[in-house]
Every structure is written in structure tokens, then in C-alpha cells.
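A look at the structure
Each chain is listed here by its residues.
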Amino acid sequence: MTNPTTFTSSVRCVVHTARSQRTLLASRPSIFPLPTTQSAASFSTSSPHQKRKTRDNNRLRGVSPLRRTGPREPLSVSYDPLPKPADYKPKITVDKDHGLWGFFPEQGKLMNTPEEDGEYGRAWTANELRQKSWEDLHALWWACCRERNRLATANAERSRAKMGFGEYETNARDDVVKRTMKAIKHVLTERYYLWEDAYELAKQDPEINLSGKGEAYTPLYEQQEEDFLVKEDGDVTAAKEASTSQKAAADNLVDPSTIPASKPSEQAQKL
Amino acid sequence: MQPSPILRVLNYRHLRLTTKDVNKGFYKGNRTGAMGRHTRFGGYQIEWNRVRTYVVPERLRDPEFKLTPFVGKTIHPERGRYETKAGPKDPALYLETWKMQNGKY
């Protein structure tokens, strides 16, 4: 179907060209008489629609960045201003006392320098740890775990970010921590076996009562006193109070964490 | 489970035993240990007495806690001095110490 408007416009176009040709012909100087309708057409073998090619198929012909010609085709640009990114930074609230900070040397510090990591002493020896209480050894074990976590974090981060040096110092430090942990295990195992042997020995000891009722330990001289001396009840209770106060004083006398290694073993071992 | 004799000699002993080296049904594990048992129906029953519990000492949070994994290098390690041959493993010494610390002597 032909659109009526296009149809009329094409008709107008045809009429217009016919008119212009007539006026052209009419405006020519009349040197030659107008050909009559009976005369033959001029001879030509070339096809009427053939045009001479002046361009090749290069779409970018003439486009030169050196001459700043710009592209051949118009670009779609607008005069609207470009949007700018908003100045927005999300605020992350961090817990200052979070336990995961223990994986780093300080808060906000990723890892120690190799010089800082290279500063460490020797490992604890088993003989030194024999003086320590169970609570001390337990806490020291966890301090070692913490240190090893920190070192492993530094190693992982160093290999991830390819930071280079420092692995040697970290691993050497780790070896010392592992030696301390080995000594802790050594001491605890030894203490347990010792307890088992001492329990067997206590079965034969007349001073020790393993039944679980009454005093676990009654010295021989006290037993003899009870046998041979008749005492007042108040005196007996006073003696007991004195003994308990002595015991408390002995417990509070030395903080186990401050016992030097050279002292004889006075650890708070209880049967 | 041990590798077959040929795998225990020559260059093969430097190779790690993997699940590809043995027949099917071999479970090498990852050294973590079981925390329960499999049921008949393909499920898994967790036994809570086998699940690990880690008790962290409260002292670790204490700023007064001074113990570190290291001892200063200037502190020379000393050998323990013990009367008997058993040394620190002497149960008699243990009992004696215990009696001393019970406050009755």
C-alpha cells in the first residue's frame, strides 16, 4: 500500500523535474534547432547509470589524528554535564576489643618487620616449667597458641601480597614457640605419671588417708599426740585453726608465676 | 594401614601414600578425629562427649599477664638438682612436697 502523502510528493517531484528540464531547454541559446520528435537518439554503448568511481571502500579515508580531522560521522554528544560520583565512604564500626585483633601484633598493624620478629629469646626448658602451676602452664600454652596464630597470619599475608623478606625470621621464631609447647607437654605428662606413682605409694603411707573421709593427711606425731594426750576441745580446735592459717599462708607465700627456676620444686600440687 | 612391601623400598618410600595407592575402602583421614558415629541410614550422630571443647584461661585477657613463649637469652638454663636418681620423677619426693604444702610438718 502506498502512503497518500508519499505518493503526492513523488508526483510533485516528477512534475517539477519535467518543468525544470523544459525551462533549461528553453533558456539555451538556440544555435541548433530543436530536434524534432522523429529524429534518432544519440548513439552510446555505455550504460546510462554507470558512474565513475572516485572513492575506494575505505570507510576511514581522510580520517587522521595528526591533522585532527575528527571522525567522518557525527558523534552523539549532549550538552548535559557528566554526573560525578558521590563523595561517600561507608563507615565501618570496628570493635576495639575484638578477639581477632590477637592475630595481629597491634591494632592497625598488619605484621611485624623482620627485625621485630627476629627479637626473641630462647624457649622455656622443662626444668623451668616444672616449677609452674597448672594454671600457669595452661595460660602459657594459650599464649604460645596466640603467638603461632599471629606468625601464621603474617606468613599467609606475606605470601599473598608478595611482600618478600621476613619468612625466615618468622619461621625461626615459630620453632622456638613450638619448643616451648613441647616442654609444656613434657612437664604435664611427667606430672601425671608422677601423680599415678605417688598415688600407689600413698596407699602404703600410714599418714595419708585415701578414703575421702576426714583429713587426707595426718602427721604421725599428731596421731601419737591424739593417742597419748588428752586435750581440751578448745585446744584442739585452736590447733586446727592454726594449721589452716599456716596452710593459707603457705599458699599465699609465693606467686607461682614468679618462682625462679633455681628454687626447689614447691609447686602447688594437690593429690 | 601400611603400604605393600614394594612401596616401602627404593624410591617408592619417598612417595606419600595416597588413597590412589590402595584398594577402595581406605580412608586416610585428615587427623582430626571423629566426633560421632555413622548411623545405619547414612546419617551421622554427633556424640557431644567427643566434640572438642577448648577452655581458654581467663588470665589471658588480664593486662597483668606477663608470661610469653620466650625466656630472655641472658637467663642461663639450669639443671635441676635432685637427691635421688629418679630426679623429678621420684614419687617419694612428690609426696613429701605435698605434705609440706599441706601446712603440716
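Parameters and conventions
Residues numbered from 1 in each chain as written. Chains lettered and ligands numbered in written order. Predicted model: local features only at pLDDT ≥ 70, side-chain atom pairs only at ≥ 80, totals over all residues. Heavy atoms only, no water. UniProt positions renumbered as here; feature names shortened; annotations may be inferred. Helix = DSSP H or I, 4+ residues; strand = E, 2+ residues; numbered from the N terminus. Contact = heavy atoms within 4.5 Å.

Identification of chain B as 50S ribosomal protein YmL27 from Sodiomyces alkalinus is taken from an unreviewed UniProt entry. If you open the UniProt record of chain B and go to Subcellular location (unreviewed entry), you find "Mitochondrion".

If you check an unreviewed UniProt entry, chain A appears there as Large ribosomal subunit protein uL29m from Sodiomyces alkalinus. The heading Sequence similarities (unreviewed entry) in the UniProt record of chain A holds the text "Belongs to the universal ribosomal protein uL29 family." Looking at the Subcellular location (unreviewed entry) heading of the UniProt record, one finds this comment for chain A: "Mitochondrion".

**Structural notes on the environment of B:Arg13**
Residues and elements named next belong to chain B. One can find Arg13 in the segment before strand 1 (36–38). Along the chain, Arg13 and Pro3 lie 10 residues apart, while their C-alpha atoms are 9.2 Å from each other. Setting aside residues no more than four positions away along its own chain, Arg13 makes contact with Leu7 and Arg8.

**Description of the side chain of A:Thr218**
When you line up the elements, A:Thr218 lands in the loop between helix 5 (167–203) and helix 6 (220–228). Once you skip the residues sitting within four places of it in the chain, A:Thr218 turns out to touch A:Glu207 and A:Gln223.

**Some words on unusual backbone geometry**
Residues and elements named next belong to chain B. Backbone geometry at Leu10 places phi at a positive 55°, although glycine is not the residue there. Its place among the elements puts Leu10 in the segment before strand 1. The backbone of Arg31 shows a phi angle near 65°, a positive value even though the residue is not glycine. With respect to the helices, strands and loops of the structure, Arg31 is situated in the segment before strand 1.

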